[in-house]
Amino acid sequence: MPKVRTIYRGGSRFYVHPEDREIIHPGVTSVIGMLPKQNFLGPWNAKMAATLAVDSIDFVADMAARDREGAIQYLSGAARRYTKVRADVGSEAHDLFERIMRGEYVGRVRSDLQPYVDHFREFLKAVNPEFVRAEDVAWSDTYGYAGSFDVWLRVWLDAAGNITPDRSGKPHLIMADWKTSKATYPDVALQLAAYQRADFVIDGETGETEPMPEFDGAAVLHITDETWAFKPVETGDAVFAEFLRLRGTFEWDRDLSRKVIGKPLAKKAGKIVTGTQRRAR
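In this report, we go over the structure that sits alongside the text.

1. Here's the deal with the sheet that holds strand S2 (residues 12-16)
- With antiparallel pairing, 3 strands are arranged side by side in an open sheet as S1-S2-S3. For this open sheet the edge positions go to strand S1 (5-9) and strand S3 (24-26), each flanked by a neighbour on one side alone. Here the strands of the sheet are splayed against their neighbours by 35 degrees on average, with no regard to which way each runs.
- Where S2 and S3 come together, 3 bridges link them in antiparallel fashion. Each residue of the ladder has a partner; that of Val 16, found in S3, is Ile 24.

What follows is the structure, encoded as structure tokens:
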């Protein structure tokens, strides 16, 4: 069976069903992208550009003298380049986390990634989770979405909900996400709630499907180059209901909003040409 493909349309990711190429669902993160953008993004973008200009003023002045438009593009792209670098680090760290969870030997890593690996190993020692599966696709025909989750883990908790690394507590199957950003943000709850309630899971490589199991909870492992924390995430019905509202907004934005205004029933006529003007031609 073929593996799941993804395509991009209008800046959004869509997942193509491995058996029926006519079935295409938007990705969970694209749906969550319908959330209003935080107010801090504009000032942050401006600060990144201003900081770059001040820190490299001589270089920018020389560039501007030779290529003014190029200098403008260089400064205006400061935030975008920073975001890409951080995303690349996050992707590489995710890959290392999965390899370590699978018991692979990762050897030496780049110096900027080593703190992430060290903190991940600390997490494994402190929590002692069981790896179940990772980087497969949660698929929902019921609600029309799909997405690649990070990992399923089994952790052991005592009656008070505390981690028991010796696995003396009760086992809990959880949907989990790795985050390497500066902070953890509430939208991770929407993401994990959607994954948990998908109809089935598709193996990302083989395309084989099986029903989505029942989960006992959800969590996010937040790892930076300075610290780490394993946090529970609320993914109850109220959270999922908010995700479904965003799914409706996605449908509106990508489809319905383009159909609600029809052709004019009446409009301003073209410029009037008098008889005198016609005779003068």
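2. Details of the packing of aromatic side chains
- Summed over the entire model, instances satisfying the criterion amount to 14 aromatic pairs.
- Taking 5.9 Å as the distance between ring centres and 75 degrees as the angle between the ring planes, the aromatic pair formed by Phe 123 and Trp 228 counts as edge-to-face. Residue Phe 123 is found in helix H6 (residues 114-127), and its partner Trp 228 is found in strand S12 (residues 228-232); the two are separated by 105 residues along the sequence.
- What makes Phe 123 buried here is its relative accessible area of 0%.
- With a centroid separation of 5.1 Å and 55 degrees between ring planes, the pair formed by Phe 123 and Phe 230 is classed as tilted. Highlighted residues: Phe 123 in helix H6 and Phe 230 in strand S12, separated in sequence by 107 residues.
- Three or more aromatic residues joined by ring pairs form one cluster here, namely Phe 97, Phe 120, Phe 123, Trp 178, Trp 228 and Phe 230.
- The ring of Trp 152 carries the charged tip of Arg 133 above its face, separated from the ring centre by 5.2 Å.

3. Some remarks on the nonpolar core
- Judged by nonpolar contacts, the single largest core of 32 residues is most densely connected at Trp 152 and Phe 243.
- Of all elements in the fold, only S2, helix H1 (28-32), strand S8 (170-179), helix H7 (187-196), strand S11 (217-223) and helix H8 (237-254) reach the threshold of two or more residues within this core.
- For this core, the element with the most residues is H7, which contributes 7 residues.
- Excluding residues that lie within four positions of it along the chain, Trp 152 makes contacts with Glu 130, Phe 131, Val 132, Arg 133, Leu 173, Ile 174, Met 175, Val 201, Met 212, Pro 213 and Phe 215.

4. Describing the environment of Met 212
- Within the fold, Met 212 resides in the loop between strand S10 (209-211) and S11.
- In sequence terms Met 212 and Tyr 195 are 17 residues apart; their C-alpha atoms lie 8.9 Å from each other.
- If we ignore the near neighbours within four places in the chain, the residues touching Met 212 are Ala 138, Trp 152, Tyr 195, Gln 196, Ala 198, Asp 199, Phe 200 and Val 201.

5. A look at the side chain of Asp 150
- Position of Asp 150 among the secondary structure elements: in the loop between strand S6 (145-148) and strand S7 (151-157).
- Lacking a salt bridge, the buried Asp 150 has Lys 179 as its closest oppositely charged neighbour, with an N-O distance of 6.0 Å.
- Among the polar contacts made by the side chain of Asp 150, one reaches the main-chain amide nitrogen of Trp 178 at a distance of 2.8 Å.
- With residues near it in sequence (within four places) discarded, Asp 150 still touches His 94, Arg 133, Ala 134, Glu 135, Ala 176, Asp 177 and Trp 178.

Quick notes on the rules
- Residues numbered from 1 in each chain as written.
- Predicted model: local features only at pLDDT ≥ 70, side-chain atom pairs only at ≥ 80, totals over all residues.
- Heavy atoms only, no water.
- Pairing = 2+ DSSP bridges.
- Helix = DSSP H or I, 4+ residues; strand = E, 2+ residues; numbered from the N terminus.
- Axes fitted to C-alpha atoms, helices over the stretch in contact; angles between N-to-C directions.
- Phe/Tyr/Trp six-rings, centres within 6.5 Å; stacked < 30°, edge-to-face > 60°.
- Buried < 20%, exposed > 50% of the residue type's maximum accessible area, 1.4 Å probe, protein only.
- Lys NZ or Arg CZ within 6 Å of the ring centre and 35° of its normal.
- Core = buried A, V, L, I, M, F, W, Y, C linked by side-chain atoms within 4.5 Å.
- Contact = heavy atoms within 4.5 Å.
- Lys, Arg positive; Asp, Glu negative; His and termini not counted.
- Salt bridge = Lys/Arg side-chain N within 4 Å of Asp/Glu carboxyl O.
- Polar contact = N/O pair within 3.5 Å; in protein donor to acceptor, adjacent residues only side chain to side chain.

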